[in-house]
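Examination of the molecular architecture
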Amino acid sequence: MNFGKLKMYVGGELIDSVNKSEKTILCPANNEPIAELSWADKFDAEKALNAAKSGFRTWSKFKPEERKGWMNKFKDAVVKNEKLLRTAIIYEMGKTYEGSKEDIDSLVSSLDFYPEAMEKYFSDSSIDDREKTHNHILKNYPVGVVVAYLAWNFPLLNLAFKIGPALASGCSIIIKPSEESPVSAYLIGKILKDIDFPAGVVNIICGEPEIVATTLSKSTIPRLITMIGSTNTAKKVFADSSSSIKRLSMELGGNAPFIVFDDANIESAIDLAVGIKFGNSGQICVAANRFFIHEKIYDIFLNKYLERVKNLKLGFGQNQKPDMGPLITSKSRERILDLIHDTLKNGGKLEYGGKIPENHPIGNWLEPTVITNVTDKMRIFNEEIFGPVAVLMKFSNDNEVLKLANKTDYGLASYIFSKSKERIDFFSENLEFGEVQVNGIKYAIYLPHGGIKESGIGHDCSYLALNDYLTKKRISVAI
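In short, a report on the structure.

Procedures and definitions
- Residues numbered from 1 in each chain as written.
- Predicted model: local features only at pLDDT ≥ 70, side-chain atom pairs only at ≥ 80, totals over all residues.
- Heavy atoms only, no water.
- Helix = DSSP H or I, 4+ residues; strand = E, 2+ residues; numbered from the N terminus.
- Rg over C-alpha atoms; globule rule 2.2 N^0.38 Å.
- Buried < 20%, exposed > 50% of the residue type's maximum accessible area, 1.4 Å probe, protein only.
- Patch = residues over 30% accessible without salt bridge, like charges linked within 9 Å, V, L, I, M, F, W, Y side chains within 5 Å.
- Areas by Shrake-Rupley, 256 points an atom, 1.4 Å probe, with all protein chains shown as cover.
- Salt bridge = Lys/Arg side-chain N within 4 Å of Asp/Glu carboxyl O.
- Expected span 1.5 Å × (residues − 1).
- Arc of directions from axis to C-beta.
- Pairing = 2+ DSSP bridges.
- Right-handed = clockwise from strand over helix to strand, strands pointing away.
- Contact = heavy atoms within 4.5 Å.
- Axes fitted to C-alpha atoms, helices over the stretch in contact; angles between N-to-C directions.
- Core = buried A, V, L, I, M, F, W, Y, C linked by side-chain atoms within 4.5 Å.
- Phe/Tyr/Trp six-rings, centres within 6.5 Å; stacked < 30°, edge-to-face > 60°.
- Lys NZ or Arg CZ within 6 Å of the ring centre and 35° of its normal.
- Parallel < 35°, antiparallel > 145°, perpendicular 65-115°, else oblique.
- Left-handed = near helix turned anticlockwise from the far one by under 90°.
- Nonpolar A, V, L, I, M, F, W, Y, C, P; charged D, E, K, R; others polar.

So, about the overall build of the protein. Across its full length, the protein holds 15 helices and 21 strands. Here the C-alpha radius of gyration of the protein, 23 Å, is about what a compact globule of 479 residues would show, namely 23 Å. Once the C-alpha set of the protein is aligned to its principal axes, its extents read approximately 70 × 65 × 40 Å. By the burial criterion, 58% of the 479 residues in the protein qualify as buried.

Here you go:
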């Protein structure tokens, strides 16, 4: 599959880079080229900034129903092009066809949800004057130009989390997809051009981060910089953005604990433990990294878990119907293999996997892997794995596992499985994570998604996300 030459989308037009730069995008499943993309440099980033500045002046003056109308038109075009977009995600990321549906559904849901959320939660409001001398109105206004940096693991889901609140609030946006998976985002640019979306409101460019992202972050034009990515990248964005006062909203790395108590529904916990670890080949910010299993059920859990993992089918493409695809890059695979080898060298036990599969010599493949005998001193306990490696640890009491679960600089997602209301209440209060999911897992556009500590600031999803895109103005009129 080859999508041909794709252009950036800036100022309502599909354009080449100023210096005519291009980049060939390869499929991680077979290393074959799938597209030639116009590749941005500093001048293209500056052009996008100026286009977004102009687009904001127009879009911010649209009435909410006008913005909603354009968002509905955009949504209909996404639905019409669903097959094309899902195919792009499969080839740029190696994602399973079933897995690609979440990206499309998220984009459709975001375009639906945010106009309604604006109306429901951010209408003008009045403030009572205690002295009865003034009338006060509190109004919401779009903050301005938004720059959004996207992670590669969910190309259009991540785009959805940013474009929905930006458009509904009246902001213009510059989207920089990851250089690892930019094809579907460039196709979104083409779709926006096809429906004559108002110029400059959405701009989509990609290039080397040290050039393009640095230019965007250091500019004084953006009023909000939002991103989904690694904590290390976020620290650089923080530093670069200090050229002016900007808002920052970031969903970053995770090191999620998955705690299964001896009174849990083991079958349900195992089902979810497989999905949240090996879905998307483990390349999920909320993926469970550290599995803490109570000693009374540890052997049963491990044996059942291994049975399920050994039956996972690796493959690529819609026809194969695989459970798991490749990793995004060979560099990512080498990092994870190094992490595995370090763990085994320091006493970890390899229960299954841990190597490149023999029947997939080409591409960035890695077997689903399970490791036991891990301690909290090991790198694999403390680093975000971001790959198909499950680490199982045994625990004996509540205080012990709470201490281990919280022993991380990250604080995004956490998972607990127990039938005890007292225990659920205790762990929900004391787990130091932005999300605590109990006896199940649920994500949706209307549910807040955000981390604490090194896992980020602000929220994606839900009406809370709109707080970053809006500024409030008080108007007080003397009686």
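After that view, the rundown keeps rolling.
Here we take up a nonpolar patch on the surface. A cluster of nonpolar residues, Ile137, Ile475 and Val477, forms a patch on the protein surface that exposes about 210 Å² of accessible area. Take isoleucine 137: it is sitting in strand S7 (residues 134–142).

Turning to helix H2 (residues 64–80), a few remarks are in order. For H2, which comprises 17 residues, the first-to-last C-alpha distance of 24 Å matches the rise-based estimate of 24 Å (1.5 Å per residue) to within 8%. Turning to H2, its buried residues number three or more, namely Arg67, Met71, Phe74, Lys75, Ala77 and Val78. Buried residues along H2 cover an arc of 160° about the axis, so they all sit on one side. In H2, those exposed residues whose orientation departs by more than 90 degrees from the buried face are Glu65 and Lys80.

A separate point is the pairing of strand S11 (residues 224–228). The buried fraction of S11 is high, at 5 of 5 residues. Side chains of S11 alternate between two faces, with Leu224, Thr226 and Ile228 and Ile225 and Met227 buried alike. Note that strand S8 (residues 145–149) and S11 share 4 bridges and pair parallel. The residue of S11 that forms the bridge with valine 146 is leucine 224. Note that S11 and strand S12 (residues 247–251) share 5 bridges and pair parallel. Pairing of isoleucine 225 across the sheet is with leucine 248, part of S12. Viewed along the sheet, the connection from S11 through helix H8 (residues 231–240) into S12 turns out right-handed.

For the rest of this paragraph, the subject is the sheet that holds strand S4 (residues 22–26). If you trace the 3 strands from one edge of the open sheet to the other, you get S1-S5-S4, paired in mixed fashion. Each of the sheet's edge strands pairs with one partner strand only, and the pair in question is strand S1 (5–6) and S4. The strands that helix H6 (residues 183–194) touches are S1, S4 and strand S5 (33–38); relative to S5, the one it contacts most, it runs at about 55°.

Within the largest apolar cluster, 131 residues are counted, with the highest numbers of intra-cluster contacts made by Val202 and Tyr305. Residue contacts for valine 202: discarding those within four places in its chain leaves Tyr9, Ile163, Leu167, Ile173, Ile175, Leu192 and Phe197. Formed by 27 residues, the second largest nonpolar core is a distinct cluster that contains Phe261, Leu337, Val374 and Ile385.

Let's shift gears to the packing of aromatic side chains. Applying the stated rule across the entire model yields 18 aromatic pairs. Ring plane angle 65° and centroid distance 6.2 Å describe the contact between phenylalanine 74 and phenylalanine 197, whose orientation is recorded as edge-to-face. Of this pair, phenylalanine 74 sits in helix H2 while phenylalanine 197 sits in the loop between H6 and strand S10 (202–204), and the two are 123 residues apart along the sequence. Exposure remark for phenylalanine 74: the relative accessible area of 0% places this residue in the buried category. Arranged with centres 6.3 Å apart and planes meeting at 70°, the rings of phenylalanine 292 and phenylalanine 381 form a pair that is edge-to-face. With phenylalanine 292 in strand S14 (residues 288–294) and phenylalanine 381 in helix H12 (residues 379–382), this pair connects stretches of sequence that are 89 residues apart. For the pair phenylalanine 292 and phenylalanine 381, a shared accessibility class is recorded, and that class is buried. Put simply, the rings of Phe258, Phe278, Phe291, Phe301, Tyr305, Tyr415 and Phe417 pair up and form one aromatic cluster. Sitting above the plane of the tyrosine 97 ring, arginine 86 keeps its charged end 3.8 Å from the centroid. Of note, lysine 453 hangs over the ring of phenylalanine 433, and the distance from its end group to the ring centre comes to 5.8 Å.

Contact geometry of helix H3 (residues 82–93) with helix H4 (residues 97–121) gives a least axis separation of 9 Å together with a crossing angle of 120°. In terms of their interaxial angle, H3 and H4 are classed as oblique. The crossing of H3 and H4 is right-handed. Contacts from Glu82, Leu85, Arg86, Ile89 and Ile90 of H3 reach H4 at Tyr97, Glu98, Ser100, Lys101, Asp103 and Ile104. Here the residues of the contact of H3 with H4 are counted per class, giving 5 nonpolar, 1 polar and 5 charged.

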